[in-house]
Amino acid sequence: MAEKRKLRSQSWFGSDDLHGFIHRSWMKNQGYPHDLFDGRPVIGICNTWSELTPCNGHFRELAEWVKRGVYEAGGFPLEFPVMSLGETNLRPTSMLFRNLASMDVEESIRANPIDGVVLLMGCDKTTPSLLMGAASCDIPTIGLSGGPMLSGRYHDKTVGSGTGLWKMSEDLRAGKITKAEFLAAEGGMSRSKGHCMTMGTASTMASMVEALGIGLPGNAAIPAVDSRRYTQAQLTGRRIVEMVKADLTMSKVLTRKAFENAIRVNAAIGGSTNAVIHLLALAARIGVELTLKDWDDLGSKVSCLVNLQPSGQYLMEDFYYAGGLPAVMKELAGEGLLHLDALTVNGQAIGENIKDAPNWNRAVIHAYDAPFKPEAGIAVLSGNLAPNGSVIKPSAGSPHLFKHRGRAVVFEDIEDFHARIDDEALDVDENCVMVLKNCGPKGYPGMAEVGNMPLPPKVLRKGITDMVRVSDARMSGTAYGTVVLHASPEAAAGGPLALVKNGDMISLDVAARKLMLEVDDATLAERRKAWTPPPAPKRGYAKLYVDHVLGAETGADLDFLVGGSGAEVPRESH
Ligand code: FES
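Residues numbered from 1 in each chain as written. Predicted model: local features only at pLDDT ≥ 70, side-chain atom pairs only at ≥ 80, totals over all residues. Heavy atoms only, no water.

Caption draft 1: Expanded view of the sheet that holds strand 4 (residues 141-145). Across the sheet, which stays open at both edges, the four strands sit in the order 2-1-3-4 with parallel pairing between neighbours. In the strand order of this sheet, the two ends are held by strand 2 (76-81) and strand 4, each with one partner. Strand-to-strand twist across the sheet, computed as the mean angle between neighbouring axes with direction ignored, equals 20°. The pairing of strand 3 (residues 116-121) with strand 4 spans five bridges and is classified as parallel. Directly across from Met121, in strand 4, lies its bridge partner Ser145. Here helix 4 (residues 59-72) sits on the sheet and contacts strand 1 (42-47), strand 2, strand 3 and strand 4; the angle it forms with strand 2, its principal contact strand, is near 160°. (Pairing = 2+ DSSP bridges. Helix = DSSP H or I, 4+ residues; strand = E, 2+ residues; numbered from the N terminus. Axes fitted to C-alpha atoms, helices over the stretch in contact; angles between N-to-C directions. Contact = heavy atoms within 4.5 Å.)

Next up, the structure:
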């Protein structure tokens with residue numbers, strides 16, 4: 001059949017010569033019967049399971065349900081591992097390895113006899129790394145998220161992943177709770193399989209998968225341990241086989257319209273600032289033009305509808321019961337804020353997918369005309385302190401600080417910060433602007449989530465919970481505060497952030513989109529002469545990364561990975 005001859009897997013399995021013998025024979029050592037090589041779609045299940053990535057610890061089980069679906073639809077599933085990035089364990093930061101993992105994914109897909117792929121994703125960086133790698137190959141692809149943990153509970157309290165922890169940590173440092181009370185929450189916060197159950201980066205990226213149309217409806221919110229997550233996996237397995245038959249490749253779904261939808265959805269859910277970096281990088285892989293400015297132009301005026309931590313009160317389990325992402329998208333659609341004709345992996349336009357979406361709880365998912373927080377999408381700031389841009393998430397900040405002028409208290413790097421922040425002699429008060437340098441892509445290296453610097457104890461003891469903070473770092477999606485992030489160019493690349501000194505005045509004006517260092521150009525030029533870059537790694541992947549990483553304003557990909565190479569295999573190996 002002509003259709004079977006088109007499948008790329010048949011260039012491995014489809015011949016009756018030496019090559020076909022080799023490719024089939026060794027696979028048969030796993031017990032696969034001969035008819036599985038007859039030209040049916042071969043589906044790769046790209047698995048980020050690892051016991052060192054606890055958020056993805058249930059993925060071997062999840063993969064079995066995908067396989068069921070693939071077999072039911074007449075496909076041949078083959079599971080394969082790729083580098084797994086566990087947010088809480090990896091040092092110096094998981095973000096250092098996002099691009100490395102994406103290379104693993106890209107090369108694993110291209111080099112193997114795979115016609116379509118299901119990406120199993122959960123913890124923060126596993127989603128962008130898999131999407132980016134697959135995008136550079138551009139075969140039929142469905143993203144399947146592993147789902148969030150159940151709501152964290154301990155004693156009679158709810159505790160959200162990350163968000164609750166940061167809060168308790170500040171309470172401990174301010175002397176409001178005891179160490180024993182603090183540690184009591186440890187087991188209760190993470191009490192089921194799944195990823196962080198706040199609207200942190202993992203939940204945000206799972207929502208982006210659904211909003212982009214590259215996952216099936218319902219992908220974002222079904223809890224990891226809910227049986228419906230396994231149903232979702234089975235349906236995903238069935239659907240990917242059909243996508244191969246229809247040649248529905250990734251680039252047919254990930255269009256400019258899909259990204260515009262995702263940006264607006266990110267605003268409506270109070271999503272993580274990390275989505276900015278990941279979607280910019282993904283768009284560049286698939287060949288869609290997307291800029292940092294698009295985030296402000298398209299998303300900043302969109303209201304936040306979802307009352308989830310860290311911007312609000314509830315957790316992902318509540319979000320699912322309230323209707324999940326389809327309910328949010330239906331609200332946006334009602335305001336004309338979505339491209340309803342954007343194609344999704346189920347073969348339908350997104351408007352078709354969401355048109356009957358119910359909303360079961362308006363306290364969790366607000367109506368657009370009664371938003372949780374008005375005009376709360378990510379704002380992109382520029383000015384002489386970040387000429388290439390910086391971002392702030394207003395929904396997680398304090399409005400009284402959105403127009404602020406303060407004296408800089410400068411930390412040269414994260415070690416300097418840790419060494420001095422608890423020092424009672426540190427000359428700082430709540431009106432100051434805390435500045436952290438050398439935590440961008442090159443500086444850390446890897447661009448760590450340290451931008452939401454904890455406040456000094458003497459400020460916390462006054463009952464102050466927020467200060468303006470500026471850095472070239474990222475921030476955990478579970479974090480909050482009036483925090484300016486991703487200042488670009490970064491300090492380690494010689495950006496103006498490198499030139500800030502203690503006592504300089506900094507002004508922030510979110511409404512005017514300005515971040516200014518009130519130091520004249522002549523003085524800055526003098527300081528620049530005296531500036532030297534921090535030492536860079538001398539070998540290994542860290543050196544490759546620092547030598548080639550692009551700025552945060554374009555997604556912090558490696559320069560030689562931007563774009564794609566398709567799925568073409570250059571030559572046979574034997
Ligand atoms: Fe894995 Fe938060 S640590 S999602």
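That shown, we press on.
Caption draft 2: Inspection of helix 14 (residues 274-286) at higher detail. Here helix 14 contains 13 residues, and its C-alpha end-to-end distance of 19 Å stays within 8% of the 18 Å for a straight helix at 1.5 Å per residue. Where burial is concerned, most of helix 14 is hidden: twelve out of the 13 residues are buried. Gly287, located one to two residues past helix 14, shows a positive phi value of around 85°. (Expected span 1.5 Å × (residues − 1). Buried < 20%, exposed > 50% of the residue type's maximum accessible area, 1.4 Å probe, protein only.)

Caption draft 3: Region of interest: helix 13 (residues 256-269). Relative to the 20 Å expected for 14 residues at 1.5 Å per residue, helix 13 spans 20 Å between its end C-alpha atoms, a close match to the ideal helical length. Where burial is concerned, most of helix 13 is hidden: twelve out of the 14 residues are buried. Among all positions in helix 13, only Ala258, Phe259, Glu260, Asn261, Ala262, Ile263, Arg264, Val265, Asn266, Ala267, Ala268 and Ile269 are buried. Looking at the buried positions of helix 13, the neighbouring elements they touch are helix 10 (201-212), helix 12 (250-253), helix 14, helix 15 (292-299), helix 17 (324-334) and helix 18 (350-354). Of the residues trailing helix 13, Gly270 is marked for its positive phi of about 65°.

Caption draft 4: How the structure looks around the layout of surface pockets. There is about 360 Å³ of room inside the second largest pocket. Class assignment for the residues of the lining of the second largest pocket results in seven nonpolar, seven polar and four charged. (1 Å grid on protein atoms, 1.4 Å probe; cavity = no way out; pocket = protein on both sides within 12 Å on 5 of 7 lines; lining within 4 Å. Points joined across faces, edges and corners; volume = space filled by probe spheres on them. Nonpolar A, V, L, I, M, F, W, Y, C, P; charged D, E, K, R; others polar.)

Caption draft 5: Fine view of the pairing of strand 1. Most of strand 1 sits out of view: six of its six residues are buried. Side chains Val42, Gly44 and Cys46 project from strand 1 onto one buried face, and the interleaved Ile43, Ile45 and Asn47 project onto a second face that is buried too. Pairing of strand 1 with strand 2, which is carried by six bridges, proceeds in the parallel orientation. Directly across from Gly44, in strand 2, lies its bridge partner Leu78. Since strand 1 and strand 2 lie parallel, the crossover through helix 4 that links them has a hand, and here it is right-handed. (Right-handed = clockwise from strand over helix to strand, strands pointing away.)

Caption draft 6: Local environment of the pattern of salt bridges. Summed over all chains, the structure comprises 40 salt bridges. With a shortest N-O distance of 2.9 Å, Glu79 and Lys67 are connected by a salt bridge. Of the two residues, Glu79 sits in strand 2 while Lys67 sits in helix 4, which places them twelve residues apart along the sequence. Taking relative accessible area as the criterion, Lys67 reaches 16% and is therefore assigned buried. Here Arg461 and Glu424 are joined by a salt bridge, their closest N and O atoms 2.9 Å apart. Taken together, the residues span a long stretch of sequence, with Arg461 in the loop between helix 20 (457-460) and strand 11 (468-471) and Glu424 in the loop between helix 19 (414-420) and strand 10 (433-436) at a distance of 37 residues. (Salt bridge = Lys/Arg side-chain N within 4 Å of Asp/Glu carboxyl O.)

Caption draft 7: Fine view of the pairing of strand 8 (residues 389-392). Going residue by residue along strand 8, you find Gly389 and Val391 tucked away on one face and Ser390 and Ile392 tucked away on the opposite face as well. Sheet topology note: the strand 7 (residues 379-381)/strand 8 ladder contains three bridges and is antiparallel. Counterpart to Leu381 in the pairing with strand 8 is Ser390. Pairing of strand 8 with strand 12 (residues 483-488), which is carried by two bridges, proceeds in the antiparallel orientation. When the bridges of strand 12 are listed, Val391 appears paired with Leu485.

Caption draft 8: Representation of the nonpolar core in the model. Core analysis: the biggest nonpolar cluster contains 103 residues, and Phe259 and Phe319 have the highest contact counts within it. Those residues in contact with Phe259, other than ones at most four positions away along the chain, are Leu212, Leu254, Leu279, Leu282, Ala283, Ile286, Val288 and Leu290. Counting residues in hydrophobic clusters, the runner-up holds 27 residues, among them Ala408, Ala487, Leu515 and Leu517. (Core = buried A, V, L, I, M, F, W, Y, C linked by side-chain atoms within 4.5 Å.)

Caption draft 9: Representation of the side chain of Glu449 within the structure. With respect to the secondary-structure elements, Glu449 resides in the loop between strand 10 and helix 20. A polar side-chain atom of Glu449 sits 2.9 Å from a polar atom in the side chain of Asn274. Here the side chain of Glu449 touches Arg474 through a polar contact of 3.2 Å, side chain to side chain. (Polar contact = N/O pair within 3.5 Å; in protein donor to acceptor, adjacent residues only side chain to side chain.)

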